[in-house]
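# A structural walkthrough
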Amino acid sequence: RQAWGIKLEIKNAPAAAFVDGEMIRGLKEHLFAVLRDVVFISNEIMEGGRFDLASSSSITNAVFHILRNARVLELQVPPNLVVCWGGHSIRRVEYDYTKKIGYELGLRNLDVCTGCGPGAMKGPMKGATIGHSKQRIVNGRYLGITEPGIIAAEPPNPIVSQLVIMPDIEKRLEAFVRLGHGVVVFPGGAGTAEEILYLLGILLDPANRDLPFPLIFTGPADTAEYFDQINEFVGATLGPTAQSKYQIIIDDPAGVARAMVRGLARVRDHRRSESDSYG
């Protein structure tokens, strides 16, 4: 039971969800986050009549309302939320590298947002918890964004402190870009390539020509060829302008974090000069 809230009755819950008969608090919070978002999306977004989900601007409005209802839009905090994209089934050396990236970000007071699953989504959060702990940061955020099909197949990783369920994959992608102030991309599969192309499409829109948004591709030394291929593909299909929208930094976690800090400073200055919200 939650104070001033509803009571959930859980059937067939796994034994690992309990400690001495009491459900782990983080799992309780995740369950209520799922309920909160599924009910809000069904009642307010799908059936409320306020949103025309065939209209681009209305979709963006719906995404904003879902995020606001989930209370993840931090308006008074300078830009510090880094989105990390990459594969969920990765080699140990790649997973360890994602943890190092998260650690370096955490040491620099940056928060982490991922797809909330395993692999490249869990590693940065795990590393950031150590970096935050060393800097005595007690309010670090580990924001996970998912959608019903994924949450039904695999649970969020336990480090996620704020969980948001978006209606589908496409609105989930927009939520990443709306929330994050910069993006780090690790090697991945077709989904990672889709994310890269989605974000480049936004950054190449003439309306966003002067919008600072740090985008860094990174991985351990033996993944350099992966990003060489991505870079060649982007150059051949979208051209050098698209290639100028990102950096490729291989096997240098501290270098990635420093580049992100510099990028976020530009984001902060731009939003301040334009009287735009940090959130």
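In what follows, the structure referred to is the one given above.
Fair warning: this is a prediction, and the values are worked out from it, not measured in the lab.

Definitions and limits used
Residues numbered from 1 in each chain as written. Predicted model: local features only at pLDDT ≥ 70, side-chain atom pairs only at ≥ 80, totals over all residues. Heavy atoms only, no water. Helix = DSSP H or I, 4+ residues; strand = E, 2+ residues; numbered from the N terminus. Rg over C-alpha atoms; globule rule 2.2 N^0.38 Å. Buried < 20%, exposed > 50% of the residue type's maximum accessible area, 1.4 Å probe, protein only. Contact = heavy atoms within 4.5 Å. Areas by Shrake-Rupley, 256 points an atom, 1.4 Å probe, with all protein chains shown as cover. Phe/Tyr/Trp six-rings, centres within 6.5 Å; stacked < 30°, edge-to-face > 60°. Polar contact = N/O pair within 3.5 Å; in protein donor to acceptor, adjacent residues only side chain to side chain. Patch = residues over 30% accessible without salt bridge, like charges linked within 9 Å, V, L, I, M, F, W, Y side chains within 5 Å. Salt bridge = Lys/Arg side-chain N within 4 Å of Asp/Glu carboxyl O. Disulfide = S-S within 2.5 Å. Core = buried A, V, L, I, M, F, W, Y, C linked by side-chain atoms within 4.5 Å.

A count of helical and extended segments in the protein chain gives ten helices and nine strands. For the protein chain, whose C-alpha radius of gyration is 19 Å, the value lies close to the compact-globule estimate of 19 Å for 279 residues. C-alpha extents for the protein chain along the principal axes are approximately 55 × 45 × 35 Å. Sorting the 279 residues of the protein chain into buried and exposed places 45% on the buried side. Looking at the protein chain alone, contacts between residues at least 24 apart form 72% of all its contacts between residues at least 6 apart. Approximately 14,300 Å² of the protein chain is accessible, and the part contributed by carbon and sulfur atoms is 52%.

Quick look at the side chain of Thr 146 now. Within the secondary structure, Thr 146 is located in strand β5 (residues 142-146). Overall, the relative accessible area of 0% leaves Thr 146 in the buried class.

It is worth spelling out the packing of aromatic side chains at this point. Inspection of the entire model under this criterion finds five aromatic pairs. Arranged with centres 6.5 Å apart and planes meeting at 85°, the rings of Tyr 97 and Phe 186 form a pair that is edge-to-face. You can see Tyr 97 sitting in helix α3 (residues 92-107) and its partner Phe 186 sitting in the loop between β7 (182-185) and α7 (190-203), a full 89 residues away along the chain. Overall, the relative accessible area of 2% leaves Phe 186 in the buried class. Both rings, one in Phe 217 and one in Tyr 246, keep their centres 4.4 Å apart while their planes meet at 25°; by these two values the pair is stacked. Here Phe 217 is found in strand β8 (residues 215-219), whereas its partner Tyr 246 is found in the loop between α9 (240-243) and β9 (247-250), with 29 residues between them in sequence.

Turning our eyes to something else, we now look at unusual backbone geometry. The backbone of Asp 20 shows a phi angle near 50°, a positive value even though the residue is not glycine. For Asp 20, the position within the fold is in the loop between β1 (18-19) and β2 (22-23). The residue Asn 109 is not glycine, and still its phi comes out positive at about 65°. Considering the arrangement of structural elements, one finds Asn 109 in the loop between α3 and β4 (111-114).

This part takes up helix α6 (residues 169-179). An α-helix turns once every 3.6 residues. As a result, residues three or four positions apart point the same way. Of all eleven residues that make up α6, eight are buried, and the element is covered over most of its length. Within the span of α6, buried status applies to Lys 171, Arg 172, Leu 173, Glu 174, Ala 175, Phe 176, Val 177 and Leu 179. Looking at the packing, one finds that the buried side of α6 touches α2 (56-69), β3 (81-85), β4, β5, α5 (148-153) and α7. For α6, the side-chain oxygen to backbone nitrogen distance between the N-cap and Glu 170 is 3.2 Å, and the N-cap itself is Asp 168.

Another point: a nonpolar patch on the surface. Residues Ile 6, Leu 8, Ile 10 and Leu 31 make up a contiguous nonpolar surface patch of roughly 300 Å² in combined accessible area. Among the structural elements, Leu 8 can be located in the segment before β1.

Overall, the coordinates contain zero disulfides when judged by the stated rule. No disulfide involves Cys 113; its sulfur sits 8.5 Å from the nearest other cysteine sulfur, which is in Cys 84. Of all cysteine sulfurs in the structure, the one in Cys 113 sits closest to Cys 116, which takes part in no disulfide; the separation is 9.4 Å. Assessed through its relative accessible area of 3%, Cys 116 is described here as buried.

This paragraph deals with the nonpolar core. Leu 67 and Leu 215 are the most contacted members of the largest nonpolar core, which totals 39 residues. Once residues within four sequence positions are removed from consideration, Leu 67 is found in contact with Val 72, Leu 73, Val 164, Met 166, Ala 175, Arg 178 and Leu 179. One finds Cys 116, Ile 159, Ile 165 and Ala 257 within the second-largest nonpolar core, a separate group that totals 26 residues.

The final tally for this structure, using the stated rule, is ten salt bridges. Here Glu 94 ties to Arg 91 by a salt bridge, and the two come within 2.8 Å at their closest N and O atoms. Asp 222 serves as the salt-bridge partner of Arg 91, at 2.9 Å between the closest nitrogen and oxygen. Of the two residues, Arg 91 is situated in the loop between β3 and α3 and Asp 222 in the loop between β8 and α8 (224-237); the sequence distance between them amounts to 131 residues. Its relative accessible area of 39% is what places Arg 91 among the partly exposed residues. A cluster of three or more residues bridged by salt bridges with shared partners is formed by Arg 91, Glu 94 and Asp 222.

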